[in-house]
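# What the coordinates show
Here are the chains, one letter per residue:
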Amino acid sequence: MGHENEEQLRRKFTDSGFAWIISAMSFFTLYALAANGNTLGVIFPELLHHFNVPQAMIGLLGSIRTATFDLTAGIFIGHLTKKYGCRALAIPGLILTALGILASSYVNDYFWLVVTFSLIPGFGSAGLFIPSNVIVHQYHNKRRALASSLASVGLSFATFTFPVFMRLTIQSFGWRAALVMLASIQVQMVAAAMMFMPNPDLHVKLPLTPMDTKGHTETAEEKSNGANHKPSKVKACNIDVSILKNPAYVLFLFAYPFASSAASTFANFAIQRGIFQGIDEFQASFIMSSFGACSITGRIAAGFIGNLKCTRRDLLSFGYVFTAGIVCIISIFSGSSLILHAVFAGCFGFLNGSYHSLYTTLLVDIVGLSELPKAMGYIQLVKCIISAISFPLAGLLFDVTQDYVATYLFIGISNIIGGVIFLCSGIANRRRRSKNESVEIKECS
């Protein structure tokens, strides 16, 4: 009877109505994050004209911002999230991002633009991404894939709505006013981040069960882990790299950065490619709206499918990423047709949103809930290196060829490589789990 009361207390917040409120707040903070990330693609033509620099240098703005974001998240945020919680990092992150964007609306020098537009928002956004994802998994267990997917819709909804809003603001008031609008969005989402309080259920200890053969009392957090791994004993003064012994995670460590960097590059150059090929500037903004709208559909669909017990989430992600690479390569035949640009962007957005919505759920399957912040941090470190190369290289390919064919072939091939590595990661994880289950059966017998 006492155990039942403990179990009921443990489930007071997890999988409750309040847990879905947390998912909604994550939706809003991720909207702010994506609006910030999509800014460069929309404002690209204005920055080219105003600062009079090559496309590679404008692409470098996105590369520096992404590298700063990934490096900060990888080195600090993953560990700090586990130590101090999600709210303590998300709120300062939003405020710092807003200050940087606001300052960039006043600059006239390219190098100051690098500081205000790329470095400062890069630091701020780093404090937002991991906490906004981790908090959802802390409050959900039964419908973890669905809750994570619905929260991640905020990323796609920003891609759907924000490019049009920003383009209208640019046409009416100029690009500086558009940046002020973006800064105000970051500040408003502080209210959502204030809801990121720790889940009290994770601190409730349950009584010992016969399975606790080693005398270890499991917390609710450990019981909710999707992975079958044992906690490692690591000294507090050392960096815990025990998850790097997991081959499935090591493969995932490279699969996601390849696919994510390719998707970011696709989005950042999509509008400019349309304008270059003869599409009106305002109409070109609908290319990203198509990307965002279809990405919303993909995330929701993948959430429902990924939550089914019969679903192989690893194979699903491989299919999404690999096919996105094929679509990207075929998109080089879009020409000056707005419809074709929008269709290919929509297909790519659907596939990208689908796999991205399963990203954190796949990680929990591989490393467990307790290791999720750290695992995401290491992935951001690898993504930092790949993104630092991909953005300038994509811009350089255009500067050399004066065409976007080579750029989008590069993006498509990167996606295909990422998809193949996702498949290998899934195979390695299934083998690891089968091996662990065999060992447990032998120990019980």
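Residues numbered from 1 in each chain as written. Predicted model: local features only at pLDDT ≥ 70, side-chain atom pairs only at ≥ 80, totals over all residues. Heavy atoms only, no water.

Looking at an unreviewed UniProt entry, the protein chain carries the name Major facilitator superfamily (MFS) profile domain-containing protein, with the source organism given as Capitella teleta. Turning to the protein chain, the UniProt record has this under Subcellular location (unreviewed entry): "Membrane". (UniProt positions renumbered as here; feature names shortened; annotations may be inferred.)

## Regarding the packing of helix 2 (residues 17-51) against helix 6 (residues 144-173)
In contact at an axis separation of 6 Å, helix 2 and helix 6 are set at 35° when each is read in the N-to-C sense. Considering how the two elements wind past one another, helix 2 and helix 6 form a crossing that is right-handed. Its residues placed into classes, the contact of helix 2 with helix 6 shows 22 nonpolar, eight polar and two charged. (Axes fitted to C-alpha atoms, helices over the stretch in contact; angles between N-to-C directions. Helix = DSSP H or I, 4+ residues; strand = E, 2+ residues; numbered from the N terminus. Left-handed = near helix turned anticlockwise from the far one by under 90°. Nonpolar A, V, L, I, M, F, W, Y, C, P; charged D, E, K, R; others polar.)

## Description of the nonpolar core
Side chains that are nonpolar tend, in soluble globular proteins, to be buried together. Counting residues in each nonpolar core, the largest one holds 115 residues, and the members touching the most others are L47, L61, Y249, F252, F266, L363 and Y408. It is helix 2 that provides the largest number of residues to this core, a total of 16 residues. Split by domain, this core shows at least three residues from each of two domains, domain 1 (12-200) and domain 2 (241-436). Beyond its immediate sequence surroundings of up to four residues, L47 is in contact with L40, N52, I58, L61, L113 and W175. (Core = buried A, V, L, I, M, F, W, Y, C linked by side-chain atoms within 4.5 Å. Buried < 20%, exposed > 50% of the residue type's maximum accessible area, 1.4 Å probe, protein only. Domains from an automatic or database assignment. Contact = heavy atoms within 4.5 Å.)

## Quick look at the environment of M181
Mapped onto the secondary structure, M181 falls in helix 7 (residues 175-188). A C-alpha to C-alpha distance of 9.4 Å links M181 and I101, two positions 80 residues apart in sequence.

## Some details on the packing of helix 6 against helix 14 (residues 359-367)
Orientation of helix 6 relative to helix 14, taken along the N-to-C sense of each, is 145°, at an axis distance of 8 Å. Between helix 6 and helix 14, the residues in contact are R144, A145 and S148 and T360, T361 and V364, respectively. For the contact of helix 6 with helix 14, the per-class residue count stands at two nonpolar, three polar and one charged.

## So, the side chain of S125
With respect to the helices and strands, the residue S125 is situated in helix 5 (residues 110-139). At a separation of 2.8 Å, a polar atom in the side chain of S125 contacts the side chain of N36. When residues no more than four places from it in sequence are discounted, the contact partners of S125 are L33, N36, F69, G93 and T97. (Polar contact = N/O pair within 3.5 Å; in protein donor to acceptor, adjacent residues only side chain to side chain.)

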